[in-house]
Each structure stands twice: as structure tokens, then as C-alpha cells.
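# Notes for the structure review
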Amino acid sequence: MSLSDNELPRTEDEWRVRLSPEEFRVLREAGTERPWTGEYVDTKTPGVYHCRACGAELFRSEDKFDSHCGWPSFDDAIPGAVKEIPDNTLGMRRVEIRCARCDSHLGHVFEGEGFTPKDTRHCVNSISVRLEPKQG
């Protein structure tokens, strides 16, 4: 199997080849990394966060804030980059967020917590994204 970096895998077996076992568990099986363990929890570097599975732009660093929840938090996503899906697992009512391009799991979105004027928190697994630092 030979896929270019721009071609999206069509099967879960193809995704397994492209992703590490931990990336696959979170991105393709809707897993969650342990709180406070992700590489971007405390990152302040300016730039754009891309989907680790497909490279799509998802979040801008200026929308990142400290929510002290153990995962990177953003009060906004790049328009059209993220889709929301009702998630009633684990006995909770939540809203899952997925990459709109490749349907990979990113985390969950919460509203009404009062952290920012936008009153929204996209709680994202660090392993679901990759930061491209701003040049210059």
C-alpha cells in the first residue's frame, strides 16, 4: 500500500500504517490521552494547529487559552475545519469534535463555562494535532 501524504487513507488498516498506535487509538478510535501529559497543554508558541492525521488547519494559537483542564483548549476553531457530533457515551451528554476533512477524533467542545468571552472550550488531545509555528 502506497499512499501519498496528501491522499487520505480509505480504510482503518491504511490509517494504522500512517499513524502510531497511540495516534490511532485517539484519532481513529476516539480515545483520550491522560490529562497533563500532552505536548501542547502549556504551549504558548504562535502558529496554527493542524490535524495530525491529515494535516488540515484546525485551530489558531491566538484562540488557545489556559483552562487548567489538562488538555489544550481553544475558544474557536478555524471556520469549517471541525464538525460537531453528539456524544452520549460514558453516561454523559457531550459534543465530540472531529476533523471535517478526515473525520478523526480531536476531543470535545463545551459551552457555558465562562472561561472566555466566546464562552466555548474546544478541549483537544495534543496527540490529535501538530503545531506549525509562525514564521518570523
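Every chain begins its residue count from 1, and numbering advances along the sequence as written. Side-chain atom pairs in this predicted model are given and counted only at pLDDT of 80 or more, local residue features only at pLDDT of at least 70, and totals for whole chains, interfaces and linings cover all residues. The side-chain figures draw on all heavy atoms in the structure; neither hydrogens nor water molecules are used.

For the protein chain, the name recorded in an unreviewed UniProt entry is peptide-methionine (R)-S-oxide reductase, with Micromonospora fulviviridis as its organism. Under Cofactor (unreviewed entry), UniProt gives the following word-for-word description of the protein chain: "Zn(2+)". UniProt positions are given in the numbering used here, feature names are shortened, and annotations may be inferred rather than shown by experiment. The UniProt entry for the protein chain carries the following text under Catalytic activity (unreviewed entry): "L-methionyl-[protein] + [thioredoxin]-disulfide + H2O = L-methionyl-(R)-S-oxide-[protein] + [thioredoxin]-dithiol".

### So, the overall build of the protein chain
The numbering of helices and of strands both runs from the N terminus, where a helix is a DSSP run of H or I of at least 4 residues and a strand a run of E of at least 2. Scanning the protein chain from N- to C-terminus turns up two helices and nine strands. Helices (α) and strands (β) of the protein chain occur, in sequence order from the N terminus, as α-α-β-β-β-β-β-β-β-β-β. The C-alpha atoms of the protein chain give a radius of gyration of 15 Å, which matches the 14 Å a tight globule of 136 residues would have. Expressed along its principal axes, the backbone C-alpha trace of the protein chain runs to roughly 45 × 45 × 30 Å. For every residue, the accessible area (1.4 Å probe, protein chains only) is compared with the maximum for its type, and the residue is labelled buried under 20%, exposed over 50%, or partly exposed between those bounds. Within the protein chain, the fraction of its 136 residues that count as buried is 49%. Put simply, of all contacts in the protein chain between residues at least 6 apart along the chain, 49% involve residues at least 24 apart. Note on areas: Shrake-Rupley, 1.4 Å probe, and residue coverage restricted to the protein chains presented here. In the form shown here, the protein chain has an accessible surface area of approximately 7600 Å², with 48% of it arising from carbon and sulfur atoms. For the charge count, each Lys or Arg is scored as positive and each Asp or Glu as negative, with His and the chain ends excluded. Each charge is placed at NZ for Lys, CZ for Arg, CG for Asp and CD for Glu. One way to put it: in the protein chain the 19 positive side-chain charges average out to a point 1 Å from where the 25 negative ones average out. The quantity called the radius of gyration is restricted to C-alpha atoms. Its globule counterpart is 2.2 Å times the number of residues to the power 0.38. We call two residues contacting when some pair of their heavy atoms lies within 4.5 Å.

### Here's the deal with the packing of aromatic side chains
Here is the rule: rings of Phe, Tyr and Trp (six-membered ring for Trp) pair when centre to centre is within 6.5 Å. Planes less than 30 degrees apart are stacked, more than 60 are edge-to-face, and the remainder are tilted. This model, assessed by the stated rule, comprises four aromatic pairs. Arranged with centres 5.0 Å apart and planes meeting at 70°, the rings of Y49 and F74 form a pair that is edge-to-face. Here the residue Y49 occupies a position in strand β1 (residues 47-51), and F74 occupies one in strand β4 (residues 73-74), the gap between them amounting to 25 residues. Side by side, Y49 and F74 carry an identical accessibility label, which is buried. Between F65 and F115, the aromatic rings sit 5.8 Å apart at their centres with planes inclined by 40°, giving tilted as the arrangement. Within this pair, whereas F65 is found in strand β3 (residues 64-65), its partner F115 is found in the loop between β7 (105-111) and β8 (120-124), the two being separated by 50 residues in sequence. Taking relative accessible area as the criterion, F65 reaches 14% and is therefore assigned buried. Among the residues examined, F115 registers a relative accessible area of 44% and is labelled partly exposed.

### Things to note about the sheet that holds strand β9 (residues 129-133)
A pair of strands is labelled paired if DSSP reports no fewer than 2 bridges between them. Pairing is antiparallel across the open sheet formed by three strands, whose spatial order is β2-β1-β9. The open sheet terminates on both sides in strands that have one partner only, identified here as β2 (57-60) and β9. Shown here is a sheet whose adjacent strand axes are inclined to one another by a mean of 30°, direction ignored. Judged from the three bridges that link them, β1 and β2 form a sheet pairing that is antiparallel. Axis angles are defined between N-to-C directions and span 0 to 180 degrees, where every axis is a line fitted to C-alpha atoms and, for a helix, only to the segment in contact.

### Structural notes on the side chain of D87
Relative to the helices and strands, D87 is located in strand β5 (residues 82-87). Polar contacts, as counted here, are pairs of nitrogen or oxygen atoms within 3.5 Å of one another; within protein the pair requires one atom able to donate a hydrogen and one able to accept it, and residues that are adjacent in sequence qualify only if both atoms are side-chain atoms. Only 2.6 Å separates the side chain of D87 from the side chain of H108, close enough to count as a polar contact. Aside from chain neighbours lying at most four places away, what touches D87 is M92, R93, R94, V95, E96 and H108.

### Some remarks on the UniProt feature "domain: MsrB" (unreviewed entry) in the protein chain
Taking the UniProt record as the reference, the feature "domain: MsrB" (unreviewed entry) is found at residues 12-134. The distance from the first to the last C-alpha atom of residues 12-134 is 32 Å, and the span holds 11% helix and 34% strand.

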